[in-house]
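# Architecture at a glance
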Amino acid sequence: MANNKFKLDRRKFIKTAGLVGGALSLFGAAGAGLAAGKDKDSHTGYGRKFYGEDQFFNRKPFLVDKPTYETIGTPKRIQYIENIFKRNGEMYRLMYPRDKSVPKWSLDQGYETLPEPLKNYYTKDPIAFDEFKKAIKKSEEQHENWPKYKDQYILADAWSTAHSSTMRGRDSFPPEPQDKPEVSDFKGIETEAMELKSPKHGSELIKKIAHSFGATLVGITAVKEEWIYQGYLRGVGKTNFEAPKHWKYAIVIAVPHEWDAMYANPTYGTSYDAYSMLRYISGKLTVFLKEIGYSARAHVPPTSYDIIMPPLAIDAGLGEQGRNGILVTPELGANTRLAAVTTDMPIEPDKPIDIGIKDFCSKCKICADECPSGAISFTDEPEEVIRGFKRWRINHDKCYTVWNSVATSHSRGCRVCLAVCPYSRKNNWIHNIVREVDPRDPTGLFSSGMLAMQKKFFKYHGGQEYLPPPDGNNKTYNEAPDWLRSEEWFNL
Ligand code: SF4
Ligand code: SF4
C-alpha cells in the first residue's frame, strides 16, 4: 500500500471498494475493460500530449519527502562499464571496428586478453562473459534465420529502422557532445540568462515547453551525484570526473511506445519509436534553453547518457521502480521511456511519489513469469543491494541474449516485461478507476482482487513461447496491429 498522507481510513475504504467492486461486477468489468482497451482515444501519449493533458494523474495526494527506493550504506556511482549496452558497445568496437580495419580482439581469445576495464569486469563476473558469447551466437543464428522470417516481419523491421535513423553516429539529433560539459553545454548561448520571476515560473514554463515539443510526462529534480556515470563522459571519453557544477537540475521527459506495437512484443515491437520521440523532444529543449541563456545537455537513448534515468525519474516524481527494473508511472505503467536535459536554469524541483508499486510488485510477479530469459527475480521482497540501493535483481546478460534471439534483422529486442505489466494500461474509464482506488487502499484488498482478475482474464503465454523455434513459437503478447502485419499488405 502507498505510504502517503492521503489515506482513506480502513472502514471508509472498504465501503468505497465495496461500491466499486459491486459496480465492476454489475457492468461485467472484464468484458467492458477489454472493449475499452481497444478504444484508440485511450492511447496515452498519442493524443493530447502536446498540451500536457496526458499527464492526467493527480500526484499531489501521493507526494513524499523521500523517494521509495531503499538505500543501504553510502550510495556509489555507476561505472559506465556496468551498463550492458555501453559494455557490449565496447566489445563490438573491438570485434567489428567501424573503419572495417582488422579486429582488435576476438571471442576465442577469452576475456583475459581484453583491455581494461573490460578485463577486470569479466574477471569478476566470468558468467557474464559466457552469456555474452551466447548472445553473439544467438545473434549470428538470428541473422541466418532472417530469410525465413523476413516476409512476416519486414514491416516491423522497416518501421523500427525508420525510427532509429534519427540516432546514427554524428548525424544523430541531438548531436553528441564534442567537448567537456563546461564547454559543450554552453555552446550556442548568445544571450545573458533571462531572469525568471521565480523558480516556480521556470518549472511551469519548461514543462509547458516540453509538453509542446511532445513530452507525455515531465518532472524536475535536483541532480544527485550518485546517479551520474563514472569512468566515461561524453565529449571527453574515459575519465573519472566530479559532477559538473552546472548540472543543477534535470528535466526528465517520458513518452510511451506506440501502444499496439508495444503489446505486440517481442517480435513486432521496437524501442526506437519512443527513442526517436525522446531525442527530438530533448534535443529541441536544449536549443530552447540555450536560446534563453541557460546551459543544457540532453541525455538520450539508446546510449547517449551521462546519468542513469530511472532513479532520476523517481526523484522527479514521475513514478516508482517496478520488479522488472523499469520505471512504472501512473499514466503509462511500464510502457515508459525516458530522457533528461541537465541545466543550470534555477527551477523548482518536484517531489517523489508513493503509489504503492512495490507492494503490488511483491504479489504480482507477472513479468517474472513471462520473461523468456528468466532474468527477473521471483523473490517477494527486493533482494539485491547494488551500489547502495536495494532492488529486485535483473540479470541483464540473460536478457541481452534474448534480445539477440528473437526473429528480427536488427535486434529489435524483447520488452515482454513492459507489455504484460498490469500498470501498462491505456487511459480509459476502467483503468482510471484502478489508478485512483488502488493507491488509496490501506488494506491491499483492492489490488489483490484486480490482480486475480488480471490473471484470469488476460492471456499469458509463458516465457519460453516468445522465443523462436525450436525453443518457442515466436509468440507476441497481443496480436500485432494490421499496419505491422505484412500479410495484410503484400503478396507473400
Ligand atoms: S526484455 Fe524480455 S528478456 Fe529482458 S527482462 Fe524483459 S521480458 Fe525478460
Ligand atoms: S508485471 Fe507485476 S511485478 Fe512486474 S513490474 Fe509490473 S506490477 Fe510489478
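Details of the structure are given in the entry above.
Anyway, here's the lowdown on the structure attached to this text. All figures in this text were calculated on a predicted structure; none of them were measured in a lab.

## Let's talk about the site of ligand 2
Gly322, Cys361, Cys364, Cys367 and Cys421 are the nearest of the 15 residues found near ligand 2. At the level of elements, α11 (357-364) and α12 (366-370) are the ones that each hand at least two residues to the shell around ligand 2. At three residues, α11 tops the list of elements feeding residues into the shell around ligand 2. Taken together, the residues of the shell around ligand 2 sort by class into 11 nonpolar, two polar and two charged.

## Here we look at the sheet that holds strand β6 (residues 296-299)
Judged by pairing direction, the sheet is antiparallel, and its four strands sit side by side in the order β2-β5-β9-β6 without closing on themselves. Two strands close off the open sheet at either side, each with one partner strand: β2 (217-222) and β6. Taken pair by pair, the neighbouring strands of this sheet meet at an average axis angle of 20 degrees, ignoring direction. Pairing of β2 with strand β5 (residues 249-255) involves six bridges; the strand directions are antiparallel. Following the sheet pairing, Thr221 is matched in β5 by Ala250. On the sheet, helix α7 (residues 199-212) packs against β2 and β5 and is oriented at approximately 140 degrees with respect to β2. Against the sheet, helix α9 (residues 272-291) engages β5, β6 and β9 (337-343), with an angle of about 15 degrees to β9.

## Considering the sheet that holds strand β11 (residues 389-391)
The sheet built from three strands is open, its strands ordered β1-β11-β10 with antiparallel pairing. The sheet is open, and its two edges are formed by β1 (70-71) and β10 (384-386), each paired on a single side. Note that β1 and β11 share two bridges and pair antiparallel. Note that in β11 the partner of Thr71 across the bridge is Phe389.

## Structural notes on the packing of helix α5 (residues 126-164) against α9
Put simply, α5 and α9 touch, their axes get as near as 8 Å, and they point 20 degrees apart. With respect to α9, the element α5 is oriented roughly parallel. The handedness of the crossing between α5 and α9 comes out as left-handed. Here α5 contributes Ser160, His163 and Ser164 to the contact with α9, which in turn contributes Tyr272, Asp273, Tyr275 and Ser276. When grouped by side-chain class, the residues that make up the contact of α5 with α9 number two nonpolar, four polar and one charged.

## Comments concerning the site of ligand 1
The environment of ligand 1 is made up of Cys371, Pro372, Ser373, Ala375, Ile376, Cys399, Val402, Cys414, Arg415, Val416 and Cys417. For the shell around ligand 1, the secondary-structure elements that each account for two or more residues are α13 (396-403) and α14 (416-419). Taken together, the residues of the shell around ligand 1 sort by class into nine nonpolar, one polar and one charged.

## Side note on the pairing of β6
Of the two faces of β6, the one holding Ala296 and Ala298 and the one holding Arg297 and His299 are both buried throughout. Relative to β9, β6 runs antiparallel, the two sharing four bridges. Directly across from Arg297, in β9, lies its bridge partner Thr342.

## With respect to unusual backbone geometry
Cis geometry is found at the peptide bond from Glu116 to Pro117, where omega equals 5 degrees. Position of Pro117 relative to the elements: it lies in the loop between α3 (84-95) and α4 (118-124). One non-glycine residue with positive phi stands out, namely Arg387, at about 50 degrees. Along the chain, Arg387 turns up in the loop between β10 and β11. C-beta crowding within 10 Å serves as the criterion here: with 16 such atoms nearby, Arg387 is assigned to the partly exposed category.

## Overview of α7
End to end, α7 covers 20 Å across 14 residues, agreeing with the expected 20 Å (1.5 Å per residue, within 8%). Within the sequence span of α7, burial applies to Gly202, Ser203, Ile206, Lys207, Ala210 and His211. Looking down the long axis of α7, one finds its buried residues gathered within 155 degrees of arc, a one-sided arrangement. The elements touched by buried residues of α7 are β2, β5 and α9. Of the residues one or two after α7, Gly214 is the one with positive phi, at around 120 degrees.

Criteria and cut-off values
Residues numbered from 1 in each chain as written. Chains lettered and ligands numbered in written order. Predicted model: local features only at pLDDT ≥ 70, side-chain atom pairs only at ≥ 80, totals over all residues. Near = placed C-beta within 6 Å. Helix = DSSP H or I, 4+ residues; strand = E, 2+ residues; numbered from the N terminus. Nonpolar A, V, L, I, M, F, W, Y, C, P; charged D, E, K, R; others polar. Pairing = 2+ DSSP bridges. Axes fitted to C-alpha atoms, helices over the stretch in contact; angles between N-to-C directions. Contact = placed C-beta atoms within 7 Å. Parallel < 35°, antiparallel > 145°, perpendicular 65-115°, else oblique. Left-handed = near helix turned anticlockwise from the far one by under 90°. Buried ≥ 20, exposed ≤ 12 C-beta atoms within 10 Å, placed from the backbone. Expected span 1.5 Å × (residues − 1). Arc of directions from axis to C-beta.

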